[in-house]
Amino acid sequence: MAIIISRNEKKELINYLKERYSLEDFKFNFDFLRSGKEKVWIIPPEFNKINLDKMRIEFVGSYFGSYDDKYFRLSVEACQLIGPFAKKNFVELDEENLNKWIHGKNILEFNSINLTKGYVLIKNKKDFYGSGKFTGNIILNMLAKNRRIKD
Amino acid sequence: MNKKNILSKQFKDYFKELLQKEAKEFFEWSLKPLNSCIRINTLKINEKEIIERLEKKGWVFNKISFVPNGYKVIEKPNPIGKSLEHLLGYFYVQESASMIPPIVLNPEKHSIVLDIAAAPGSKTTSIAQIMKNTGIIVANEPEMNRLRVLRSNIQRMGVINTIITRMDGRSFRKIPQKFNYVLLDAPCSASGTVRRNLHIPKMWSLKAVEKLSKLQKQLILSSFDSLEQNGTLVYSTCSVTVEENEEVIDFLLEKRGTAKIEKINLKLKKHEPILEWKENEFHKSIKNALRILPQDNDSEGFFVCKIKRVE
Ligand SMILES: C[S@@+](CC[C@H](N)C(=O)[O-])C[C@H]1O[C@@H](n2cnc3c(N)ncnc32)[C@H](O)[C@@H]1O
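All values reported here derive from a predicted model rather than from experimental measurement.

Draft legend 1. Inspection of the overall build of chain B at higher detail. Along the backbone of chain B there are 11 helices and 14 strands. The globule rule puts the C-alpha radius of gyration for 311 residues at 19 Å, and the 19 Å found for chain B is close to it. By residue count, 61% of the 311 residues in chain B fall in the buried class. Counting contacts in chain B only where the partners sit at least 6 residues apart, residues at least 24 apart contribute 76% of the total. Surface accessibility of chain B: about 13100 Å² in total, with carbon and sulfur atoms responsible for 48%. Side-chain charges of chain B comprise 51 positive and 36 negative groups, with the mean position of each set lying 4 Å from the other.

Draft legend 2. Local environment of the interface of chain A and chain B. The partner chain B presents 36 residues to the 37 residues of chain A that form the contact. Surface buried jointly by chain A and chain B totals about 3100 Å² across both partners, of which 59% is contributed by carbon and sulfur atoms. Inspection of the region where chain A meets chain B yields 4 salt bridges. The partner of E58 of chain A in a salt bridge is R166 of chain B, with the nearest N and O atoms 3.2 Å apart.

Draft legend 3. Representation of the site of the ligand within the structure. Residue and element names in this part refer to chain B. Taken together, 19 residues are adjacent to the ligand, and K123, E141, R146, G169 and D185 come closest. Side-chain polar atom of S122 to an oxygen atom of the ligand: 2.9 Å apart, as the coordinates give it. At 2.8 Å from a nitrogen atom of the ligand is found a main-chain nitrogen or oxygen belonging to G169. Relative to its free-state accessible area of 600 Å², the ligand is covered by the protein chains to the extent of 87%. Cavity membership is defined here by more than half of the atoms lying within 2 Å of grid points; on that basis the ligand lies in the largest pocket. Among the elements of the structure, helix 6 (122–130) and helix 9 (206–225) are those that each provide at least two residues to the shell around the ligand. Partitioning the shell around the ligand into residue classes produces 10 nonpolar, 3 polar and 6 charged.

Draft legend 4. Local environment of the environment of E92 of chain A. All names here are of chain A. Along the chain, E92 falls in strand 7 (residues 90–92). Between the alpha carbons of E92 and A2 there is a distance of 35 Å; along the sequence they are 90 residues apart. Excluding residues within four positions of it along the chain, E92 makes contact with K123 and K125.

Draft legend 5. The arrangement of the pattern of salt bridges in detail. Summed over all chains, the structure comprises 28 salt bridges over all chains. A salt bridge links K88 of chain A to E19 of chain A, with the nearest nitrogen and oxygen atoms 3.5 Å apart. Placement of the pair is K88 of chain A in the loop between helix 2 (76–82) and strand 7 and E19 of chain A in helix 1 (residues 7–21), with a sequence separation of 69 residues. Owing to a relative accessible area of 29%, K88 of chain A belongs among the partly exposed residues under this scheme. Judged by its relative accessible area of 54%, E19 of chain A falls in the exposed class. Overlapping salt bridges, with partners in common, bring together D127 of chain A together with R53, K57 and E85 of chain B in one network.

Draft legend 6. Highlighting the packing of helix 1 (residues 9–19) of chain B against helix 2 (residues 23–30) of chain B. Residues and elements named next belong to chain B. Direction vectors running N to C along helix 1 and helix 2 enclose 135°, while the axes themselves pass 8 Å from each other. By the angle between their directions, the pair helix 1 and helix 2 is classed as oblique. Between helix 1 and helix 2, the residues in contact are F11, K12, F15, K16 and L19 and A23, F26 and F27, respectively. A class-by-class count of the residues in the contact of helix 1 with helix 2 yields 6 nonpolar, no polar and 2 charged.

Draft legend 7. Local environment of helix 3 (residues 47–56) of chain B. All names here are of chain B. Those residues of helix 3 lying buried are E47, I50, I51 and L54. Considered in projection along helix 3, the buried side chains sweep an arc of 100° and stay on one side of the axis. Facing away from the buried side of helix 3, by more than 90 degrees, are the exposed residues K48 and K56. Packing partners of the buried residues in helix 3 comprise strand 1 (37–40), strand 2 (60–63), strand 3 (70–75), helix 4 (84–87) and strand 4 (91–93). You can read the cap of helix 3 off the contacts: a side-chain oxygen lies 3.0 Å from the backbone nitrogen of K48, and it is on N46. Positioned one or two residues after helix 3, G58 has a phi angle of 105°, which is positive.

Draft legend 8. Structural view of the sheet that holds strand 3 (residues 39–42) of chain A. All names here are of chain A. Pairing is antiparallel in the open sheet, where 5 strands are placed in the order 1-2-3-5-6. In this open sheet, the two strands that pair with only one neighbour each are strand 1 (2–4) and strand 6 (71–74). In this sheet, adjacent strand axes meet at a mean angle of 30° when their direction is disregarded. Relative to strand 3, strand 2 (residues 32–35) is paired through 4 bridges, and the arrangement is antiparallel. Bridge pairing in strand 3 places F32 opposite I42. Along the sheet face, helix 1 touches strand 2, strand 3, strand 5 (62–68) and strand 6 and points at about 80° away from the line of strand 6.

Draft legend 9. Representation of helix 2 of chain B. All names here are of chain B. Listed as buried for helix 2 are A23, F26, F27, W29 and S30. Along the axis of helix 2, the buried positions cluster into a sector of 165°, meaning they face one direction only. Those residues of helix 2 that are buried lie in contact with helix 1 and helix 11 (294–297).

Draft legend 10. Structural context of the side chain of S66 of chain A. Residue and element names in this part refer to chain A. Locating S66 in the fold gives a position in strand 5. Judged by its relative accessible area of 9%, S66 is buried. Setting aside its immediate chain neighbours within four residues, S66 contacts E38, K39, Y71, F72 and R73.

Draft legend 11. Just the layout of surface pockets, in detail. Residue and element names in this part refer to chain B. When its volume is computed, the largest pocket comes out at roughly 1000 Å³. In terms of lining residues, the largest pocket is bounded by 41 residues, among which A119, P120, R146, D185 and C238 are the most central. Class assignment of the residues belonging to the lining of the largest pocket gives a composition of 21 nonpolar, 9 polar and 11 charged.

Conventions we followed
- Residues numbered from 1 in each chain as written.
- Chains lettered and ligands numbered in written order.
- Predicted model: local features only at pLDDT ≥ 70, side-chain atom pairs only at ≥ 80, totals over all residues.
- Heavy atoms only, no water.
- Helix = DSSP H or I, 4+ residues; strand = E, 2+ residues; numbered from the N terminus.
- Rg over C-alpha atoms; globule rule 2.2 N^0.38 Å.
- Buried < 20%, exposed > 50% of the residue type's maximum accessible area, 1.4 Å probe, protein only.
- Contact = heavy atoms within 4.5 Å.
- Areas by Shrake-Rupley, 256 points an atom, 1.4 Å probe, with all protein chains shown as cover.
- Lys, Arg positive; Asp, Glu negative; His and termini not counted.
- Charge placed at Lys NZ, Arg CZ, Asp CG, Glu CD.
- Buried area = accessible area lost by both parts, 1.4 Å probe.
- Salt bridge = Lys/Arg side-chain N within 4 Å of Asp/Glu carboxyl O.
- Near = heavy atom within 4 Å.
- Polar contact = N/O pair within 3.5 Å; in protein donor to acceptor, adjacent residues only side chain to side chain.
- 1 Å grid on protein atoms, 1.4 Å probe; cavity = no way out; pocket = protein on both sides within 12 Å on 5 of 7 lines; lining within 4 Å.
- Sits in = over half its atoms within 2 Å of the grid points.
- Nonpolar A, V, L, I, M, F, W, Y, C, P; charged D, E, K, R; others polar.
- Axes fitted to C-alpha atoms, helices over the stretch in contact; angles between N-to-C directions.
- Parallel < 35°, antiparallel > 145°, perpendicular 65-115°, else oblique.
- Arc of directions from axis to C-beta.
- Pairing = 2+ DSSP bridges.
- Points joined across faces, edges and corners; volume = space filled by probe spheres on them.

Shape is all these values report; function is a separate question.
Structure representation (structure tokens):
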């Protein structure tokens, strides 16, 4: 069952993300839907314009991310949306590490200044490749299989 | 595969009768290799920027003249699916003729659109791009496996404005919501796509075409009845048989007096639609549809028709 998240939950999630990535200028002008306890979607902004009666709905909007204990893991698309506004908790990968990342491997060597435990955005030049879990030592790669490059 | 044996007798006989003098050229072009094409995803990236970036990496493109954001790939350094830019959702691999229906539909921003046979989502994602992620697109697909691919393409392209439904397209006429625009990119015998899939002629049969034609007729009625007044329907297939195209449009015009065909203004080479076929005479306004054979623009074969619901 999917539900539109409450105003309080939305506020909490937005505040968490704003704080974690220091997003001063990013505008969260969309609502969220949650299915189960973890997964969160962005709802089409004009969702209320349509009468859903008799439609068999499978999915709505764009996958935004999921709660992971006290953290929140952003999808590739969510990272691409907010990434350009983030001022902390992102990692710039060099070509070698980027190659590891897109093949689904964990990142072992990187500049961890300004990183705190939790999910960090993976960046190369202007591009964002999703988020990985920074444990304090390494960045765990949880990229979905269909978002990796296969050899 | 020995190219000589690819075109089955049934396939050849049908198109010899339909295309007469031009059949030979159609067969030749149906067996020519086809370059990949890509559509730049302007929801995520600036067109000029991404093209320059890919060119620096060794890609060579020809801009497709009849659609925006479309490029024919002349050379590429490695397989498209392995490129970072594809992974990032900066472009979508799509045949040039398949880029036409969304351009013809041309939905305004903030409209409510139904893409009634949507998987794998080439046209849904293109429509979202035209609407700049505003409004709503109901993207429907009855088959679960295909629906999953639709979903992942919608996600990768950064499309937010969709609702994915899993229904038989024929049941949309019964739902209360009416749409400003409907695209029916119908299931078809794919007779225009031999260049991409050389197995098509082997599987192709007149019996299958007739069965599909019946389904297409039911789907076009459902699509048309899902339109609000003044709404626009685009019907398309990647087949070039008469039964799946002109005959389907003629059936709609017969059944619905408020359906009117509109002219499509695109600068590209095309063939005259068929107005007489096997003792049947079709409505004259069908001449305004777009019938494209592979040899016209070095693409796949396609049929596109734009219909308005007038009151
Ligand atoms: C030509 S493909 C659509 C391609 C898609 N529009 C695109 O551009 O990526 C036709 C689709 O219609 C679906 N289909 C088959 N029967 C259907 C029905 N009764 N109602 C709706 N869709 C149907 C097929 O599963 C298939 O995915």
